[in-house]
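Listed here are the chains, written in short residue letters.
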Amino acid sequence: MVVLYGIFTGLIFGVVPISVRHALYRYPDAEAGSAILLVFGFLMVGSVAAVRGEFPALCCCWPFFLVGFLVPGAMQFTAVLAVQAAGASRASVLISTAPILSATLAIV
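Residues numbered from 1 in each chain as written. Predicted model: local features only at pLDDT ≥ 70, side-chain atom pairs only at ≥ 80, totals over all residues. Heavy atoms only, no water.

**A word on helix H4 (residues 88-95)**
So, step 1. Three or more residues of H4 are buried, namely Ala88, Ala91 and Ile95. The buried side chains of H4 occupy one side of the element, clustering within an arc of 65° when seen end-on. Away from its buried face by more than 90 degrees, H4 exposes Ser89, Arg90 and Val93. (Buried < 20%, exposed > 50% of the residue type's maximum accessible area, 1.4 Å probe, protein only. Helix = DSSP H or I, 4+ residues; strand = E, 2+ residues; numbered from the N terminus. Arc of directions from axis to C-beta.)

Okay, structure coming up:
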């Protein structure tokens, strides 16, 4: 099952820059597009946590919230701007560094 999750993650990492580039052709506002992606992701994760009843105490998880805000949040905004400026194939190199940055900040 873990191998299937890895394959699915690799597929998504490859499809995201291409679909962002396609969306930027129709709607060239990169800032609004990245904000919509972030809000959608936050609502999706929050709704799953609400359904499962897994809301930890906020005093314990603020460092994880901060890292989650910095890496995926800032990375999504930067990635959309990179796709707009450089194209999907070159920007995918930047997008693929998000897990490495997340792991590094989590270890620190």
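There is more to say, and it comes next.
**Quick look at the packing of helix H1 (residues 2-26) against H4**
A packed helix pair is summarised by two numbers, namely the angle formed by the two axes and the spacing between the axes.
So, step 1. Contact geometry for H1 and H4: axes closest at 9 Å, N-to-C directions at 130°. Classified by the angle between their axes, H1 and H4 sit oblique to one another. Note on packing geometry: the crossing formed by H1 with H4 is right-handed. Where H1 approaches H4, its residues Phe13, Pro17, Ile18 and Arg21 are matched on the opposing element by Ala88, Ser92 and Ile95.
So, step 2. Split by residue class, the contact of H1 with H4 holds five nonpolar, one polar and one charged. (Axes fitted to C-alpha atoms, helices over the stretch in contact; angles between N-to-C directions. Parallel < 35°, antiparallel > 145°, perpendicular 65-115°, else oblique. Left-handed = near helix turned anticlockwise from the far one by under 90°. Contact = heavy atoms within 4.5 Å. Nonpolar A, V, L, I, M, F, W, Y, C, P; charged D, E, K, R; others polar.)

**Some points on a nonpolar patch on the surface**
So, step 1. A cluster of nonpolar residues, Val39, Phe42, Leu43, Trp62, Phe65, Leu66, Phe69, Leu70 and Leu105, forms a patch on the protein surface that exposes about 1000 Å² of accessible area.
So, step 2. For the nonpolar patch, the secondary-structure elements that each account for two or more residues are helix H2 (30-52) and helix H3 (58-86).
So, step 3. The element contributing the most residues to the nonpolar patch is H3, with five residues. (Patch = residues over 30% accessible without salt bridge, like charges linked within 9 Å, V, L, I, M, F, W, Y side chains within 5 Å. Areas by Shrake-Rupley, 256 points an atom, 1.4 Å probe, with all protein chains shown as cover. Salt bridge = Lys/Arg side-chain N within 4 Å of Asp/Glu carboxyl O.)

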